[in-house]
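Spelled out from the first residue to the last, the chains are:
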Amino acid sequence: MERESLNTMKVFLSPLMPFLLLLLLPDGIFSSDCPKDCTCNPSTSIFCYQRNSPTLPSGLDTSTRNLYLFSNGIEGIKSEDFDGLVNLEMLDLSQNKLTHLPDRVFETLTSLKNLDLSSNQITQISEKSFHGVTQLQRLYLQSNSIKAIHPATFTGLENLLELKLQGNMLTSLPTLSMPQLLLLDLRFNTFPLLGPTDLQTPNLEALLLAGVGLTGLNMELMLSLKNLHYLDISGNELKSFPVALKETPRLLHLNLAGNPMRTLKPEDLQNLNELIELDISSLSLHSLPEELPQLLPNLKKLTVAENPFNCLCNLAWLPGWLSTQGITLVRTEETRCHFPPISAGKVLPRLEHRDFGCPTTTTITTSTTKITTTTLPVAITTMPTTTTAIQVPIDSDELPLPPLPATPSSSSTDPEKELPFCPPDSCLNGGTCHLDQQGYITCACPYDITGLTCEIQPKSKSSLPEPESSRATSIADAPELSSSQATPTSILLDLHLYIEKRPYIRGIRLTYSNLSGPDRRPNQLNLPASFPEYRLRGLNPNSTYSICASPLGDSTGSESICIEAHTSPQHPARKPQVDSPRFTMLVPAAAIVLALVLIAVVVGVICYRRRKKAKGNLDLDCEPSQLEQDGVKSGLDNGALPHKQLQLVMPEPAVQNGSLEYEVLLL
């Protein structure tokens with residue numbers, strides 16, 4: 001996610017870089033010796049962007065300290081290109097087309113401190129690729145195709161503070177003996193095991209190992225990292241909480257997301273009370289330890305999204321704790337309940353305490369007839385075979401209630417009913433519910449149905465049952481990689497068939513790039529083979545993306561499958577609803593009827609008064625002329641009866657029927 005945000009920001013700022021540099025130049029001074037298609041700040045910086053040249057510019061000022069040459073189309077470099085640049089401290093060659101680094105190519109850059117070679121096509125690093133740059137502090141080699149690094153490559157780089165190698169094709173790592181190193185990023189390579197001799201970095205503060213295939217953490221290695229504050233081991237194959245983490249008491253940021261752990265015990269977090277940020281999303285957790293508030297008193301940010309939580313009474317403490325302690329819950333909309341069915345799909349932190357179904361016990365005292373209700377947490381895991389008497393807590397002066405009689409059970413003759421049961425409606429759309437030995441609910445979904453509870457159906461599905469032969473044919477013809485549920489910023493990928501046809505793979509490498517934007521550089525993610533679905537996030541709206549999946553370790557790309565998927569556009573602001581034609585016709589008609597009723601009432605009143613004045617039984621007809629004298633007709637002529645094209649303001653007593661029309665109450 002961090003890399004996606006940085007890439008998005010870089011794509012956004014790239015077209016503006018020449019203008020931003022102009023703002024940084026003092027008083028708009030330019031050098032007359034500035035290379036063609038470049039912008040220069042005398043004695044400080046040279047900025048060349050999108051020159052579309054395979055070589056470096058010539059005639060560089062020897063007093064230059066910062067040289068920016070990213071996205072220039074450079075295909076090769078040689079040591080002569082940097083002759084005389086003894087003052088150069090920053091060299092940015094990222095986003096070019098470099099495939100290899102010649103020996104001693106940077107040897108003349110004796111003052112170089114920052115070197116960025118990311119997003120090129122480099123395949124290997126030789127022994128003397130960085131020979132001579134002993135002052136180097138930051139070396140960025142991420143997003144290349146590096147498969148091998150010579151064991152002596154980093155010898156002499158004792159001042160190195162940051163080393164980034166993420167997003168390459170490394171399967172082994174040379175011993176890193178760097179006493180000053182503070183940040184090491186190895187994400188999205190393949191390092192199933194790291195021993196204590198691999199990292200001789202006693203001052204390391206941040207270690208990023210996401211998606212490298214880790215099956216465990218070496219205890220000696222973690223003991224040697226006494227200064228570690230930030231650890232990212234997400235997206236690996238850790239089946240249980242690493243015991244070695246108990247030896248890192250200074251850890252402040254921990255990311256465990258996307259590992260098949262399934263449980264989190266209180267003792268796992270006992271020595272991590274300094275944590276201020278914890279990510280335990282996508283661990284298949286059904287609950288969280290109730291001791292979490294006491295174990296993590298300094299926590300400020302928590303991520304528990306995409307876990308199938310059982311929102312029962314043992315989780316009723318979570319919303320209140322988040323609110324009272326001011327803890328930021330990241331990805332709140334993706335933190336939802338899975339069970340019970342009444343709460344399935346609801347956002348967990350928005351539930352009230354009563355929504356967790358905490359049971360109550362009642363005690364009655366004979367002296368004051370006082371009724372006390374106590375909330376007790378329970379965890380539903382198995383179906384009881386018999387109903388026993390209810391135990392009611394009482395004081396010394398209280399009498400117990402009579403116990404309920406036990407109901408007979410037929411489970412004694414049926415051993416299957418003594419096993420853990422699946423709650424009803426746990427799996428939808430014909431899914432089959434299973435409980436493993438630890439009591440966790442899993443759903444086996446029919447073909448073309450996805451989701452944790454088989455809740456996601458295809459857009460169109462025939463009501464008639466599909467014949468077996470037709471279904472087998474459809475499975476054989478179905479795409480191994482498909483997408484669904486695209487939002488403006490994400491795409492849901494279906495990897496079921498891709499994994500089923502390759503049971504031998506241990507992981508999947510996803511490569512995706514935006515075909516609709518100016519930056520089409522590919523981004524890579526490594527997923528474990530246990531992810532039949534994955535949602536790509538942080539995408540651009542209304543864009544077409546090329547997405548490819550290949551097994552980890554497949555260097556030839558023979559098993560790569562590619563598709564194109566589209567993100568939906570941003571929804572515009574909703575326009576005010578326009579009245580339907582039927583509603584427009586109904587309102588004037590109702591107004592006419594109302595006006596006629598009022599006229600009839602007025603006529604009746606006038607006739608009644610005239611009869612009363614006659615003081616006899618003489619019939620008095622109400623002629624139109626008389627009505628005209630009383631001002632009734634003139635009122636009609638003056639517009640008392642509205643025309644059809646006039647709009648009538650909706651009165652207060654309006655009733656909405658089943659459609660979009662309204663029936664106006666006349667009385």
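Parameters at a glance
- Residues numbered from 1 in each chain as written.
- Predicted model: local features only at pLDDT ≥ 70, side-chain atom pairs only at ≥ 80, totals over all residues.
- Heavy atoms only, no water.
- Buried < 20%, exposed > 50% of the residue type's maximum accessible area, 1.4 Å probe, protein only.
- Helix = DSSP H or I, 4+ residues; strand = E, 2+ residues; numbered from the N terminus.
- Contact = heavy atoms within 4.5 Å.
- Pairing = 2+ DSSP bridges.
- Axes fitted to C-alpha atoms, helices over the stretch in contact; angles between N-to-C directions.
- Disulfide = S-S within 2.5 Å.
- Salt bridge = Lys/Arg side-chain N within 4 Å of Asp/Glu carboxyl O.
- pLDDT = per-residue confidence, 0-100.
- Core = buried A, V, L, I, M, F, W, Y, C linked by side-chain atoms within 4.5 Å.
- Phe/Tyr/Trp six-rings, centres within 6.5 Å; stacked < 30°, edge-to-face > 60°.
- Lys NZ or Arg CZ within 6 Å of the ring centre and 35° of its normal.
- Polar contact = N/O pair within 3.5 Å; in protein donor to acceptor, adjacent residues only side chain to side chain.
- Patch = residues over 30% accessible without salt bridge, like charges linked within 9 Å, V, L, I, M, F, W, Y side chains within 5 Å.
- Areas by Shrake-Rupley, 256 points an atom, 1.4 Å probe, with all protein chains shown as cover.

All right, on to helix H5 (residues 317-325) then. Taken together, the buried positions of H5 are Trp 317, Leu 318, Pro 319, Trp 321 and Leu 322. The inward-facing, buried residues of H5 abut helix H4 (292-295), strand E17 (301-303) and strand E19 (328-330). Residue Gly 326 follows H5 closely and has a positive phi angle near 65°.

Right, let's talk about the sheet that holds strand E26 (residues 490-494) for a bit. Spatial ordering of the open sheet is given by E25-E26-E29, a layout of 3 strands whose pairing is antiparallel. Each of the sheet's edge strands pairs with one partner strand only, and the pair in question is strand E25 (482-487) and strand E29 (533-536). Between one strand and the next, the sheet's axes are offset by a mean angle of 20°, whatever the strand orientation. By the bridge criterion, 4 bridges tie E26 to E29 in an arrangement that is antiparallel. Directly across from Asp 494, in E29, lies its bridge partner Glu 533.

Quick look at the sheet that holds strand E28 (residues 523-528) now. Taking strand neighbours across the sheet as the criterion, the 4 strands line up as E28-E27-E30-E31 in an open arrangement whose pairing is antiparallel. Each of the sheet's edge strands pairs with one partner strand only, and the pair in question is E28 and strand E31 (561-566). For this sheet, the mean inter-axis angle between neighbouring strands, taken without regard to orientation, is 25°.

Here we come to the state of the cysteines. In total, this model carries 5 disulfides according to the counting rule given. What pairs with Cys 34 in a disulfide is Cys 40, and their sulfur atoms sit 2.0 Å apart. On the sign convention where negative is left-handed, the bridge of Cys 34 and Cys 40, at about 80° about the S-S bond, is right-handed. Here Cys 34 falls in the partly exposed class, since its relative accessible area comes to 22%.

Let us look at the pattern of salt bridges. Applying the stated criterion to the full structure yields 13 salt bridges. Two residues, Arg 187 and Asp 185, come together in a salt bridge whose shortest N-O distance is 2.8 Å. The class of Arg 187 is buried, set by a relative accessible area of 8%. Using a relative accessible area of 3% as the deciding quantity, one classes Asp 185 as buried. As a salt-bridge pair, Glu 333 and Arg 336 come within 3.2 Å of each other at their nearest N and O atoms.

Another aspect to go through is the confidence of the model for the chain. For residues with low pLDDT, the predicted coordinates do not support detailed interpretation. Here the chain averages 76 in pLDDT, and 68% of its residues register 70 or above. Between residues 18-31, whose pLDDT stays under 50, and residues either more than four places distant or in other chains, the model counts 19 contacts. For the stretch residues 362-420, pLDDT sits under 50, and the model shows 60 contacts to residues farther than four places along the chain or on other chains.

Once that is clear, we can look at the nonpolar core. Judged by nonpolar contacts, the single largest core of 98 residues is most densely connected at Leu 91, Phe 106, Leu 117, Phe 130, Leu 163, Leu 231 and Leu 254. Counting only elements with at least two residues in this core, the list comes to strand E1 (38-41), strand E2 (45-48), helix H3 (219-224), H4 and H5. Here the element with the most residues in this core is H5; it accounts for 4 residues. When residues no more than four places from it in sequence are discounted, the contact partners of Leu 163 are Leu 139, Phe 154, Leu 176, Met 178, Leu 181, Leu 183, Leu 184 and Asp 185. Counting 21 residues, the second largest nonpolar core, distinct from the first, contains Leu 481, Leu 536, Leu 539 and Ile 563.

This brings us to the packing of aromatic side chains. According to the stated counting rule, one finds 7 aromatic pairs in the structure shown. Ring geometry for Phe 47 versus Phe 70: centroids 6.1 Å apart, planes at 85°, classification edge-to-face. Highlighted residues: Phe 47 in strand E2 and Phe 70 in the loop between strand E3 (66-68) and strand E4 (90-92), separated in sequence by 23 residues. Of the two residues examined, Phe 47 and Phe 70, each falls in the buried class. Ring-pair connections join several aromatic residues into one group, and the members of that group are Phe 47, Tyr 49, Tyr 68 and Phe 70. The ring of Tyr 140 carries Lys 164 above its face, with NZ or CZ at 4.6 Å from the centroid. The side chain of Arg 502 reaches across the aromatic face of Tyr 498, ending 3.9 Å from its centre.

Before going further, it helps to examine the side chain of His 286. Inspection of the secondary structure assignment puts His 286 in the loop between strand E16 (277-279) and H4. From its side chain, His 286 meets the backbone oxygen of Pro 308 in a polar contact 3.5 Å long.

With that settled, consider the environment of Gly 451. Structurally, the position occupied by Gly 451 is in the loop between strand E24 (441-444) and helix H6 (468-477). Residues Gly 451 and Leu 428, spaced 23 residues apart in sequence, show a C-alpha to C-alpha distance of 9.5 Å. If we skip the residues at most four places from it in the chain, Gly 451 touches Cys 445, Ile 456 and Glu 533.

The grouping of Val 593, Val 597, Val 601 and Val 605 at the surface amounts to a nonpolar patch, some 300 Å² of accessible area in total. The topology assignment puts Val 597 in helix H8 (residues 581-614).

Below, the discussion takes up the side chain of Asp 92. Turning to its location among the elements, Asp 92 is positioned in strand E4. Judged by its relative accessible area of 7%, Asp 92 falls in the buried class. Of note is the side chain of Asp 92, whose polar atom sits 2.8 Å from the side chain of Ser 94. When near neighbours in sequence (up to four residues on either side) are disregarded, Asp 92 contacts Leu 67, Tyr 68, Leu 69, Phe 70 and Asp 116.

So, about unusual backbone geometry. Cis geometry is adopted by the peptide bond preceding Pro 340, which originates at Phe 339 and carries an omega value of 0°. On the secondary structure map, Pro 340 appears in the loop between strand E20 (337-339) and strand E21 (360-364). For Gln 50, which is not a glycine, the phi torsion comes out positive at approximately 55°. Examined against the element boundaries, Gln 50 turns out to sit in the loop between E2 and E3. With a phi close to 55°, Arg 331 is a non-glycine residue in the positive phi region.

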